[in-house]
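Here is how the chains run, residue by residue.
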Number of protein chains: 2
Amino acid sequence: MAENITVSVDALGGDNAPDVVLEGTAAALAADPNLNVILCGPADVVEPFAASHDRCQAQVTTEFITMGEHPAQAVRKKKDSSLVVGCRLVKEGQAQGFFSAGSTGACLAAGTLVIGRIKGVKRPCLCTVIPSPVRPVVMCDVGANADCKPDYLVQFARMGAIYAERVIDIKDPRVALLNIGEEEEKGSEFAQQCHALLRQNEPNFVGNAEGRDILEANFDVFVTDGFTGNVTLKTIEGTAGVLLKTIKGILGSSLKTKIGALCIKDGLMDLKQTVSADTYGGAPLLGVKGACIVGHGSSNATAIKNGIAMTARIAREDVVGMIGQAVSAEPAKAGE
Amino acid sequence: MAENITVSVDALGGDNAPDVVLEGTAAALAADPNLNVILCGPADVVEPFAASHDRCQAQVTTEFITMGEHPAQAVRKKKDSSLVVGCRLVKEGQAQGFFSAGSTGACLAAGTLVIGRIKGVKRPCLCTVIPSPVRPVVMCDVGANADCKPDYLVQFARMGAIYAERVIDIKDPRVALLNIGEEEEKGSEFAQQCHALLRQNEPNFVGNAEGRDILEANFDVFVTDGFTGNVTLKTIEGTAGVLLKTIKGILGSSLKTKIGALCIKDGLMDLKQTVSADTYGGAPLLGVKGACIVGHGSSNATAIKNGIAMTARIAREDVVGMIGQAVSAEPAKAGE
């Protein structure tokens, strides 16, 4: 039987909050009888919901961090915001994980500043699953650290590999460095330094990957700095979005194509579902002392439900404990 | 009437050389009565072709640079290779442009070392057209410089804007910096420095772009360092390739979907043609003293034909002269 887990949820996170958050939370609770939720937000939102749902507790908060605010400043200032309180519940051990579809920057700041880093972790990283039609692959860092040192990437690699293996069920994941050529000596100075350190320190490291390897799923975990990772992730989203939209336009362009569309509808719906980011519900911030998932701002109720379920799974698989063990086993000054 | 232009062509460049190169060269000559070609390669390849085609001259070479060789070393050593000789013809003024679908690294090295930089250009950059279904956009640098300084990007921006306006017919192109957030203060330290310099020095600069803006064609010229640009370009190619292949699989999966495929075939073929890299035939190396286009290794005859035509167009539009004027007009120590 699945372990009892408590997840704190930011009722105000996301473009369509609180409605889709409530709907997604209800679905997550219904799907997992060993899940408890502490819902953080204004009294008029969280109290009626908690009163009408089993295993849900209301945590009333009075402040709200908007998308436009400076993340770290907002987190420091608005101590009674749903986001900061949700993280504090993890810090204090009342919850094992936190989920929000709010401002990514503010979530990263709250995760790092409020929940806090695992001892030995240099920088937490944002990790995501890229839902390739070939098979899902993991990429990190996708935006927590715009400026990285090579030894950060060694930890990102290990954290990404643990996540891939424990949570995404990829056995013995092949870890590759995102670079601009396959050969060892290729790439920027930074990439070359990363390659050398990964070669020395990451047991699952298999070499360099290029941009086209991501959707082709030629490796399992793609490691990169948060700048390159974020540009790459958004490039994939944009490319897939424009192509699927263009094909939709083609299908609707005449009577003949509309008939064609009817014939292939099922296959296209399957593809659309496969490549949808909703399946994984968000990106975990790995390296902090609790499961912490940042959902897409545009999350629908399904994405919220899956994000909360994924938060619970990360907690149950003890990803935090495994990361702690891995970093404490590092040679004291490796790569510095 | 179009100006008389001579382009030197590397008969040995590309995975399918020399056959597709000869076929593409013949098509380019047939399409443009004011085009002359100097075909560089082994006697048994180039002499029979030149003898049987008007406006084509054979330039016999005895060496060949393979994909696996160290680019700069190979260019320095193999002075009688088709690639080096083709570039030398431009340097000596016998040709105004050079085209090869050979090793990108060797082409970049030969372009820079043999043809040479335009006075004032800090680093030549590899520029490409991304054939978005929305409209074509330009991106540079896509791989010539893995390590960049912020002031290089100011020149990349100007060179890309000149190319977009003169060769791709994008009037008054909007130039954006590829970054990880729209706001001015977003991004790595490097990106922030680039943003500030572009703001001061590039008249067409409109701000930051994100990865998803590329295929959505929300800007016309995307400026970035050669590492990020190369990863991004290959990510787009890989994403589009996997999605189109998956859709092809769906269309062939049953009798019903095959009927559907017949109904939408024309539209899908149009899309495939629109997003094909063949249309532009390759990426120009901007900032060297001649038109110099690097084709895709997998170029077919159409791509070769279009690449040669594009080389002639760059020469006719005097892109080299305009870049020379632009860099000589820069404040002497701008951004250094």
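Refer to the preceding data block for the structure.
Residues numbered from 1 in each chain as written. Chains lettered and ligands numbered in written order. Predicted model: local features only at pLDDT ≥ 70, side-chain atom pairs only at ≥ 80, totals over all residues. Heavy atoms only, no water.

Digging into the overall build of chain A
Turning to step 1, where the next piece is worked out: Regarding its fold elements, chain A presents twelve helices and eleven strands.
Turning to step 2, where the next piece is worked out: For a compact globule of 336 residues, the expected C-alpha radius of gyration is about 20 Å, and chain A comes in at 20 Å, within 12% of that figure.
Turning to step 3, where the next piece is worked out: Overall size of chain A, expressed as C-alpha extent along the three principal axes, is 65 × 60 × 45 Å.
Turning to step 4, where the next piece is worked out: Across the 336 residues that make up chain A, the buried fraction comes to 59%.
Turning to step 5, where the next piece is worked out: Of the contacts formed within chain A by residues at least 6 apart in sequence, a portion of 70% connects residues at least 24 apart.
Turning to step 6, where the next piece is worked out: Carbon and sulfur atoms provide 51% of the accessible area of chain A, an area that totals close to 13,500 Å².
Turning to step 7, where the next piece is worked out: Across chain A, the 32 positively charged side chains and the 38 negatively charged ones have centroids separated by 1 Å. (Helix = DSSP H or I, 4+ residues; strand = E, 2+ residues; numbered from the N terminus. Rg over C-alpha atoms; globule rule 2.2 N^0.38 Å. Buried < 20%, exposed > 50% of the residue type's maximum accessible area, 1.4 Å probe, protein only. Contact = heavy atoms within 4.5 Å. Areas by Shrake-Rupley, 256 points an atom, 1.4 Å probe, with all protein chains shown as cover. Lys, Arg positive; Asp, Glu negative; His and termini not counted. Charge placed at Lys NZ, Arg CZ, Asp CG, Glu CD.)

Digging into the interface of chain A and chain B
Turning to step 1, where the next piece is worked out: In this assembly, 49 residues from chain A lie in contact with 48 residues from chain B.
Turning to step 2, where the next piece is worked out: For the pairing of chain A and chain B, the buried interface totals around 4,200 Å² over both sides, and the portion due to carbon and sulfur atoms is 76%.
Turning to step 3, where the next piece is worked out: Per-residue buried area on chain A facing chain B is highest for Ile 180, Phe 227 and Leu 243 of chain A; these three make up 15% of the total on that side.
Turning to step 4, where the next piece is worked out: Joining chain A to chain B, the criterion identifies four salt bridges. (Buried area = accessible area lost by both parts, 1.4 Å probe. Salt bridge = Lys/Arg side-chain N within 4 Å of Asp/Glu carboxyl O.)

Notes on the packing of aromatic side chains
All names here are of chain A.
Turning to step 1, where the next piece is worked out: Applying the stated rule across the entire model yields two aromatic pairs over all chains.
Turning to step 2, where the next piece is worked out: When the centroid spacing of 6.0 Å and the interplanar angle of 85° are considered together, the rings of Phe 219 and Phe 222 count as edge-to-face.
Turning to step 3, where the next piece is worked out: Residue classification places Phe 219 among the buried positions, given a relative accessible area of 16%.
Turning to step 4, where the next piece is worked out: Here Phe 222 falls in the buried class, since its relative accessible area comes to 0%. (Phe/Tyr/Trp six-rings, centres within 6.5 Å; stacked < 30°, edge-to-face > 60°.)

Here's the deal with the sheet that holds strand β1 (residues 5-10) of chain A
All names here are of chain A.
Turning to step 1, where the next piece is worked out: Read across the sheet, eleven strands follow the order β3-β2-β1-β4-β11-β10-β5-β6-β9-β7-β8 without closing on themselves; strand pairing throughout is mixed. The sheet is open, and its two edges are formed by β3 (56-60) and β8 (205-209), each paired on a single side. Recorded for the sheet is a direction-independent mean angle of 25° between the axes of neighbouring strands.
Turning to step 2, where the next piece is worked out: Relative to strand β11 (residues 291-294), strand β4 (residues 97-100) is paired through four bridges, and the arrangement is parallel. Opposite Phe 99, over in β11, you have Ile 293 as the bridge partner. (Pairing = 2+ DSSP bridges. Axes fitted to C-alpha atoms, helices over the stretch in contact; angles between N-to-C directions.)

Overview of the sheet that holds strand β7 (residues 175-178) of chain B
Paired through their backbone hydrogen bonds, the strands of a sheet run either parallel or antiparallel.
All names here are of chain B.
Turning to step 1, where the next piece is worked out: One open sheet accounts for eleven strands, arranged β3-β2-β1-β4-β11-β10-β5-β6-β9-β7-β8; its pairing is mixed. Since the sheet does not close on itself, it has two edges, and those belong to β3 (56-60) and β8 (205-209), each with one partner. The sheet shows a mean angle of 25° between the axes of neighbouring strands, direction not considered.
Turning to step 2, where the next piece is worked out: Sheet topology places strand β6 (residues 137-140) next to strand β9 (residues 221-223); three bridges connect them, and they run parallel. Following the sheet pairing, Val 138 is matched in β9 by Val 221.

Quick look at the relation of the copies chain A and chain B
Turning to step 1, where the next piece is worked out: In the superposition of chain A on chain B (RMSD 0.0 Å, axial shift 0.0 Å), the rotation amounts to 180°. Given the turn and translation reported, the copies of this chain are related as if by a two-fold rotation axis. Considering only C-alpha atoms, the part of chain A nearest the rotation axis is Gly 260 of chain A, at 1.8 Å.
Turning to step 2, where the next piece is worked out: Of the interface residues in chain A, 98% have counterparts in chain B that sit at the interface too, so the contact is made through matching surfaces. (Least-squares fit on C-alpha atoms with pLDDT ≥ 70 in both.)

Focus on unusual backbone geometry
Turning to step 1, where the next piece is worked out: Note that the residue after Cys 140 of chain A, namely Asp 141 of chain A, is joined by a cis bond; omega there is -5°.
Turning to step 2, where the next piece is worked out: Note that Asp 141 of chain A resides in the loop between β6 (137-140) and α6 (150-166).
Turning to step 3, where the next piece is worked out: The residue Arg 55 of chain B is not glycine, and still its phi comes out positive at about 55°.
Turning to step 4, where the next piece is worked out: Positioned with a positive phi, Asp 318 of chain B is a non-glycine residue whose angle comes to about 55°.
Turning to step 5, where the next piece is worked out: Along the chain, Asp 318 of chain B turns up in the loop between α11 (301-316) and α12 (319-328).

With respect to the side chain of Thr 224 of chain A
Turning to step 1, where the next piece is worked out: Along the chain, Thr 224 of chain A turns up in the loop between β9 (221-223) and α9 (226-251).
Turning to step 2, where the next piece is worked out: Filtering out sequence-adjacent residues up to four positions away, Thr 224 of chain A remains in contact with Cys 140, Asp 141, Leu 153, Phe 156, Leu 178 and Gly 229 of chain A.

What about the pattern of salt bridges?
Turning to step 1, where the next piece is worked out: Scanning all chains against the criterion turns up 24 salt bridges over all chains.
Turning to step 2, where the next piece is worked out: Two residues, Arg 158 of chain B and Glu 202 of chain B, come together in a salt bridge whose shortest N-O distance is 2.9 Å. Taken together, the residues span a long stretch of sequence, with Arg 158 of chain B in helix α6 (residues 150-166) and Glu 202 of chain B in the loop between α7 (189-201) and β8 at a distance of 44 residues.
Turning to step 3, where the next piece is worked out: Counted as one network, the salt bridges with shared partners bring together Arg 166, Asp 169, Arg 313 and Glu 317 of chain A.

With respect to the pairing of β8 of chain B
Turning to step 1, where the next piece is worked out: In terms of burial, β8 of chain B is largely enclosed, as four of its five residues are buried.
Turning to step 2, where the next piece is worked out: Crossover handedness for the path β7 of chain B to α7 of chain B to β8 of chain B: right-handed. (Right-handed = clockwise from strand over helix to strand, strands pointing away.)

A look at the nonpolar core
Turning to step 1, where the next piece is worked out: In this structure, Leu 39, Val 138, Phe 156, Tyr 163, Ile 214 and Ile 323 of chain A are the most contacted members of the largest nonpolar core, which totals 107 residues.
Turning to step 2, where the next piece is worked out: Sorting elements by how many residues they give to this core places α6 of chain A first, with ten residues.
Turning to step 3, where the next piece is worked out: Ignoring anything within four residues of it in the chain, the contact list for Val 138 of chain A reads Cys 127, Thr 128, Val 129, Gly 160, Tyr 163, Ala 164, Ile 168, Ile 170, Asp 220, Val 221 and Phe 222 of chain A.
Turning to step 4, where the next piece is worked out: Core analysis: the second largest hydrophobic core is formed by 61 residues, Ile 118, Cys 125, Cys 194 and Ala 312 of chain B among them. (Core = buried A, V, L, I, M, F, W, Y, C linked by side-chain atoms within 4.5 Å.)

Side note on the packing of helix α9 (residues 226-251) of chain B against helix α10 (residues 255-274) of chain B
All names here are of chain B.
Turning to step 1, where the next piece is worked out: At a closest axis distance of 9 Å, the pairing of α9 and α10 adopts a crossing angle of 150°. Considering the angle they form, α9 stands roughly antiparallel to α10. Between α9 and α10, the contacting residues are Leu 244, Ile 250 and Leu 251 on the first element and Thr 257, Lys 258, Ala 261, Ile 264, Leu 268 and Leu 271 on the second.
Turning to step 2, where the next piece is worked out: Here the residues of the contact of α9 with α10 are counted per class, giving seven nonpolar, one polar and one charged. (Parallel < 35°, antiparallel > 145°, perpendicular 65-115°, else oblique. Nonpolar A, V, L, I, M, F, W, Y, C, P; charged D, E, K, R; others polar.)

Some words on helix α1 (residues 19-31) of chain B
Residue and element names in this part refer to chain B.
Turning to step 1, where the next piece is worked out: The end-to-end C-alpha distance of α1, which contains 13 residues, comes to 19 Å, matching closely the 18 Å that a straight helix rising 1.5 Å per residue would cover.
Turning to step 2, where the next piece is worked out: Regarding α1, the residues found buried are Val 20, Val 21, Leu 22, Gly 24, Thr 25, Ala 28 and Leu 29.
Turning to step 3, where the next piece is worked out: In this fold, the buried residues of α1 make contact with β1 (5-10), β2 (35-41), α2 (43-51), β3 and α11. (Expected span 1.5 Å × (residues − 1).)

Some thoughts on the environment of Ala 11 of chain B
Residues and elements named next belong to chain B.
Turning to step 1, where the next piece is worked out: With respect to the helices and strands, Ala 11 occurs in the loop between β1 and α1.
Turning to step 2, where the next piece is worked out: Considered as a pair, Ala 11 and Leu 83 are 72 residues apart in the sequence and their alpha carbons are 8.6 Å apart.
Turning to step 3, where the next piece is worked out: Those residues in contact with Ala 11 that lie beyond four places of it in its chain are Ala 17, Pro 18, Val 21, Leu 39, Cys 40, Gly 41, Val 45 and Val 46.

Here we look at the state of the cysteines
All names here are of chain B.
Turning to step 1, where the next piece is worked out: Evaluation of the coordinates by the stated rule reveals zero disulfides over all chains.
Turning to step 2, where the next piece is worked out: The structure places no disulfide on Cys 148, whose sulfur is separated from the nearest cysteine sulfur, that of Cys 194, by 7.9 Å.
Turning to step 3, where the next piece is worked out: Residue class for Cys 148 comes out buried when judged on its relative accessible area of 16%. (Disulfide = S-S within 2.5 Å.)

Some thoughts on helix α4 (residues 82-91) of chain B
All names here are of chain B.
Turning to step 1, where the next piece is worked out: Along α4, eight of the ten residues are buried, which leaves the element largely enclosed by surrounding structure.
Turning to step 2, where the next piece is worked out: Looking at α4, one finds that the buried residues are Ser 82, Leu 83, Val 84, Val 85, Gly 86, Cys 87, Leu 89 and Val 90.
Turning to step 3, where the next piece is worked out: For α4, the secondary structure elements touched by its buried residues are β1, β2, β3, α3 (71-77), β4 (97-100) and α5 (104-115).
Turning to step 4, where the next piece is worked out: Just past α4, the residue Gly 93 takes up positive phi, approximately 85°.

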